[in-house]
Amino acid sequence: MGTVKIPEKIFRAYDIRGVYGVDITEETAYLIGLGFGNMLGGGKVLLLRDVRLSGKSLASAASDGLADAGLDVLQGGVCTTPAGYYGVKHFGAAGCMIVTASHNPPNWNGFKLVRGDGETVAQNAGMEELKQLILSNRLEKVGAGGSISTVDLRGSYASFLKSRFKGLDGLSVGVDFSDGAATLVFPEIAAHLGIKLKQINDNPDGYFRGHPPEPSPENLGPLTELVKSSGCSFGAAFDGDADRAVFVDDLGRIVEGDYSLAVLVSRWPERGKIVYDVNSSRAVRDVATARGFTPIEWKVGRAFMLRKIRDEKAVLGGEKSNHIYFGELDGVDDAIYAVLKMAEIVKGHGGRLSPLVDAIPKYPTLPITVYDCDDELKFRVVEEIAKTLEGAGFQISLLDGVKAYGNSGWILIRASNTMPQLKMAAEATTYEELEKLRELGDRLVRETIIRCAKGG
């Protein structure tokens, strides 16, 4: 096979991602398709893409690679990432390849790779194997190759979601589509269910003119105003591939992902286990315990969360980053499903989200703070900080980084799974105690990075 230079950095913890034309090219897409096909070994594979301008040519190249590996390619066109999770089972595929860079800028693109059981190819779950297969040029073409055909993924997925909900007539919901893939699916579903949509940034042409495809607070001002001025019951903003949604209550307040999970738990009809990530507020545990659920804290990241939710047979799961996982969907995360579930709960409990949010306990919380730290150093820095905090009398958890519990709150310092960074979060009973934890954590991170860099 010809030699194509592929940068190692595109192989990340949860997916393959880079700048189109620089890190990711059609040649790259072909080899990744061929490599993923070699991993799967045969059968059908579902292929879809988000709305990015580079998606069509990358998907075409990936399709050729998958077919050359002997797989029968089912082209699902442009759709959401969770539609891929649904479709891989619906069509009986051995795997699914999604051409997307999720919330990254428009000039990025990449690939999410999903096995037939819905598990993601990720770090310590196949990504290293795929990386070595491709970089060592050990890829194999199979005979005459597989077939390529099209399937109605969008229609099948929409029909599935329509069948799961009813009784939402008249509910008014404001939606910021971030000009992403949800624009092609959700309006039809909402109309069928009688939801009155007030929508913005609903042009899925790949340019993301409204704002970048990341529903971060700095991008949500227009949605908060829309929800308030239109008298909506609540609002939601999707990211580019619709695997995350950020909620806004009827007063225009942005609801953090862990608090969205807590609201769902507060009204969820089926008792069971709840899985939440280490970044989440203790409010999730408080609400879960009060309602008779079993709360389980776990590692950050879809690969870890999905596996844990399935292992524990949990009814719900969530991350502060706004991924919500559903036991009734075999544990997978789906932002459109999350919005419909929230609509169902809001409709059944007064028609406004704000009272449900206000019923959740509130604790002073430090927004996640990011520190640059070399990949070669970051795990050692966390280990050294853990020793220091334990020596200072904190109760230590090493589940994901170091989480140190004191009498008045906790502080979390962990290495990023995807970047040369450390991330710090904290929560306390008072703002005064939170500031003490912030100062302690900030000092420890900065001093320990310097010490470890010097070899100390």
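Analysis parameters
- Residues numbered from 1 in each chain as written.
- Predicted model: local features only at pLDDT ≥ 70, side-chain atom pairs only at ≥ 80, totals over all residues.
- Heavy atoms only, no water.
- Core = buried A, V, L, I, M, F, W, Y, C linked by side-chain atoms within 4.5 Å.
- Buried < 20%, exposed > 50% of the residue type's maximum accessible area, 1.4 Å probe, protein only.
- Helix = DSSP H or I, 4+ residues; strand = E, 2+ residues; numbered from the N terminus.
- Contact = heavy atoms within 4.5 Å.
- Pairing = 2+ DSSP bridges.
- Right-handed = clockwise from strand over helix to strand, strands pointing away.
- Disulfide = S-S within 2.5 Å.
- Polar contact = N/O pair within 3.5 Å; in protein donor to acceptor, adjacent residues only side chain to side chain.
- Arc of directions from axis to C-beta.
- Axes fitted to C-alpha atoms, helices over the stretch in contact; angles between N-to-C directions.
- Parallel < 35°, antiparallel > 145°, perpendicular 65-115°, else oblique.
- Nonpolar A, V, L, I, M, F, W, Y, C, P; charged D, E, K, R; others polar.

A.B. asks: Just to check I follow, could you spell out the nonpolar core for this structure?
C.D. replies: Judged by nonpolar contacts, the single largest core of 73 residues is most densely connected at Phe234, Phe238, Leu316, Ile336, Leu340 and Leu353. Ranked by the residues each element gives to this core, the list is headed by helix α11 (residues 335–348), at ten residues. Excluding anything up to four places from it in sequence, Leu340 contacts Leu161, Phe165, Leu168, Phe186, Ile189, Leu193 and Ile195. Listed in part, the 34 residues of the second largest apolar core include Ile16, Leu31, Leu34 and Val73.

A.B. asks: Sorry if this is basic, but what is going on with the pairing of strand β13 (residues 294–298) here?
C.D. replies: Each regular strand shows side chains that alternate between the opposite faces of the sheet. Sheet topology note: the strand β12 (residues 273–277)/β13 ladder contains five bridges and is parallel. Following the sheet pairing, Ile274 is matched in β13 by Pro295. Between β12 and its parallel partner β13, the chain crosses via helix α9 (residues 282–290), and the hand of that crossover is right-handed.

A.B. asks: Hey, could you run me through the state of the cysteines in this one?
C.D. replies: By definition, a disulfide links the sulfur atoms of two cysteines through a covalent bond. This model, assessed by the stated rule, comprises zero disulfides. The thiol of Cys79 is unpaired, and the distance to the nearest cysteine sulfur, on Cys96, comes to 10 Å.

A.B. asks: Would you mind showing me how to read the side chain of Arg414 here?
C.D. replies: Relative to the assigned elements, Arg414 resides in strand β19 (residues 409–415). A distance of 3.3 Å separates a polar atom in the side chain of Arg414 from a polar atom in the side chain of Asp400. Excluding residues within four positions of it along the chain, Arg414 makes contact with Val278, Asn279, Val300, Val382, Asp400, Gly401, Gln421, Leu422 and Lys423.

A.B. asks: Is there a simple way to explain α9 in this structure?
C.D. replies: Owing to its 3.6 residues per turn, the α-helix brings residues three or four apart onto one side. Turning to α9, its buried residues number three or more, namely Ala283, Val284, Val287 and Ala288. On an axial view of α9, the arc spanned by its buried residues comes to 130°, and they lie on one face. Where α9 is buried, its residues contact α8 (257–267), β12 and β13. Sitting at the head of α9, Ser281 places a side-chain oxygen 3.0 Å from the backbone nitrogen of Ala283. Just downstream of α9, Gly292 is the residue with a positive phi angle, here 90°.

A.B. asks: How should I be thinking about the sheet that holds strand β5 (residues 108–115) in this particular structure?
C.D. replies: Pairing is mixed across the open sheet formed by six strands, whose spatial order is β1-β5-β4-β2-β3-β6. Each edge of the sheet is formed by a strand with only one pairing partner; in this case those strands are β1 (16–19) and β6 (148–150). Each strand of the sheet is rotated relative to its neighbour by a mean of 20°, with strand direction disregarded. On top of the sheet, helix α2 (residues 55–68) reaches β2 (44–49), β3 (72–78), β4 (95–99), β5 and β6; it is set at about 170° to β2, its chief contact.

A.B. asks: It is not clear to me how the sheet that holds β13 should be interpreted in this structure. Could you clarify?
C.D. replies: Adjacent strands of a sheet pair through backbone hydrogen bonds, lying either parallel or antiparallel. Here four strands make up an open sheet; going across it, the order is β13-β12-β14-β15 and the pairing mixed. Unpaired on one side and paired on the other, β13 and β15 (324–326) mark the two borders of the sheet. The average undirected angle you get between the axes of adjacent strands in this sheet is 15°. Where β12 meets strand β14 (residues 316–318), three bridges bridge the pair, whose relative direction is parallel. Bridge pairing in β14 places Ile274 opposite Leu316.

A.B. asks: Is there a simple way to explain the packing of helix α3 (residues 81–90) against helix α5 (residues 153–164) in this structure?
C.D. replies: The relative placement of two packed helices is expressed as an angle between their axes plus a distance between the axes. With their axes 10 Å apart at the nearest point, α3 and α5 run at an angle of 95° to one another. The angle between the axes of α3 and α5 places the two elements in the roughly perpendicular class. Every residue of α5 that contacts α3 at Pro82, Ala83, Tyr86, Gly87 and His90 is listed here: Leu153, Ser156, Tyr157 and Phe160. Of the residues contributing to the contact of α3 with α5, the split by class is six nonpolar, three polar and no charged.

Any link to function would need more than the numbers given here.
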